[in-house]
Amino acid sequence: SQQGEEDPQALSIQEGENATMNCSYKTSINNLQWYRQNSGRGLVHLILIRSNEREKHSGRLRVTLDTSKKSSSLLITASRAADTASYFCATDANAGGTSYGKLTFGQGTILTVHP
Amino acid sequence: ETGVTQTPRHLVMGMTNKKSLKCEQHLGHNAMYWYKQSAKKPLELMFVYNFKEQTENNSVPSRFSPECPNSSHLFLHLHTLQPEDSALYLCASSPNQGGVRETQYFGPGTRLLVL
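Here is a short report on the structure shown in this document. Given the structure is predicted, the values throughout are model-derived calculations rather than measurements. (Residues numbered from 1 in each chain as written. Chains lettered and ligands numbered in written order. Predicted model: local features only at pLDDT ≥ 70, side-chain atom pairs only at ≥ 80, totals over all residues. Heavy atoms only, no water.)

## Thoughts on the packing of aromatic side chains
Part 1: For the structure on display, the rule yields 7 aromatic pairs over all chains.
Part 2: The interplanar angle of 80° and the centroid separation of 6.1 Å between the aromatic rings of A:F105 and B:F106 together place this pair among those described as edge-to-face. Linking A:F105 in strand β10 (residues 103-105) with B:F106 in strand β10 (residues 105-106), this pair reaches from one chain into another. Each member of the pair A:F105 and B:F106 is classed as buried. (Phe/Tyr/Trp six-rings, centres within 6.5 Å; stacked < 30°, edge-to-face > 60°. Helix = DSSP H or I, 4+ residues; strand = E, 2+ residues; numbered from the N terminus. Buried < 20%, exposed > 50% of the residue type's maximum accessible area, 1.4 Å probe, protein only.)

Structure, rendered in structure tokens:
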């Protein structure tokens, strides 16, 4: 089974509302990252949270990490139509030097923000 | 723009063709990656190169052959592909400095269709 699993698979909201996406993982990690992908394009890094951090903010983004539950959440506040995209969590497993750079991605949450 | 370019952006090939995908990063990074993104599947890591050396081959069939002539360029040579290989192929790079886990910067991808 995959390391990162996002929930929900799809989320549809109105502009101005908040959007919350969750990610669960299975193994010990060094960090967890969130990426965004516009349709058919490359991924863009949003935010990285390390295993010893519990919460991190970047603009309208707020990420939390609960290592005891092996879960993370991404909150987008005051959403805009331009936030419409797929959002992925990716985990950097704590598996030693040979696993350097080996991110494991979840299946993603498709967010649609209606104007 | 993320500083990672990929060519071509779209490619249609027959199962007997030989083609190559090219990735170039202008960020001075030392690690480069190939990913495959199929519909309704998580992003799959294919290959990792650190300082031009392949450090990860994620059980990829031999009909995919990577080449990394220097830290700025990465190729994926394709030969006798199958229709199920149709996907978005994404290249990424990361700094790989100091042993600290880092974010990855993605190119826009090559949309491949195998007929």
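There's plenty left to go through after this.
## Overview of the interface of chain B and chain A
Bring the parts together and some accessible area is lost; that lost area is often taken as the interface size.
Part 1: Contacts between chain B and chain A engage 27 residues on the former and 26 residues on the latter.
Part 2: In total, about 2000 Å² of surface goes out of reach between chain B and chain A, with carbon and sulfur atoms giving 50% of it.
Part 3: Linking chain B to chain A there are 0 salt bridges.
Part 4: Taken together, the links from chain B to chain A amount to 3 residue pairs in polar contact (both at pLDDT 80 or more).
Part 5: Of all the elements in the fold, those that place two or more residues in the side of chain B that touches chain A are β4 (31-37), β5 (44-50) and β9 (87-94) of chain B.
Part 6: Looking at side-chain class alone, the side of chain B that touches chain A contains 11 nonpolar, 9 polar and 7 charged residues. (Contact = heavy atoms within 4.5 Å. Buried area = accessible area lost by both parts, 1.4 Å probe. Salt bridge = Lys/Arg side-chain N within 4 Å of Asp/Glu carboxyl O. Polar contact = N/O pair within 3.5 Å; in protein donor to acceptor, adjacent residues only side chain to side chain. Nonpolar A, V, L, I, M, F, W, Y, C, P; charged D, E, K, R; others polar.)

## So, the state of the cysteines
Part 1: Taken as a whole and assessed by the stated rule, the structure comprises 2 disulfides over all chains.
Part 2: A sulfur-sulfur distance of 2.0 Å marks the disulfide that ties A:C23 to A:C89. Across the disulfide from A:C23 to A:C89, rotation about the S-S bond amounts to roughly 65°, and the bridge is consequently right-handed. Here A:C89 lies in strand β9 (residues 85-93) and A:C23 lies in strand β3 (residues 19-24), a separation of 66 residues in the sequence.
Part 3: Judged by relative accessible area, A:C23 falls into the buried class, the value being 2%.
Part 4: Accessibility expressed as a relative area gives 0% for A:C89, which makes it buried.
Part 5: In this model, B:C23 is linked to B:C91 through a disulfide, with the two sulfur atoms separated by 1.9 Å. Handedness here is read from the sign of the S-S torsion; for B:C23 and B:C91, about -75°, the answer is left-handed. Of this pair, B:C23 sits in strand β3 (residues 18-25) while B:C91 sits in strand β9, and the two are 68 residues apart along the sequence. Here B:C23 and B:C91 have matching classes, each one buried.
Part 6: No disulfide involves B:C68; its nearest neighbouring cysteine sulfur is the one of B:C91, lying 9.1 Å away. (Disulfide = S-S within 2.5 Å.)

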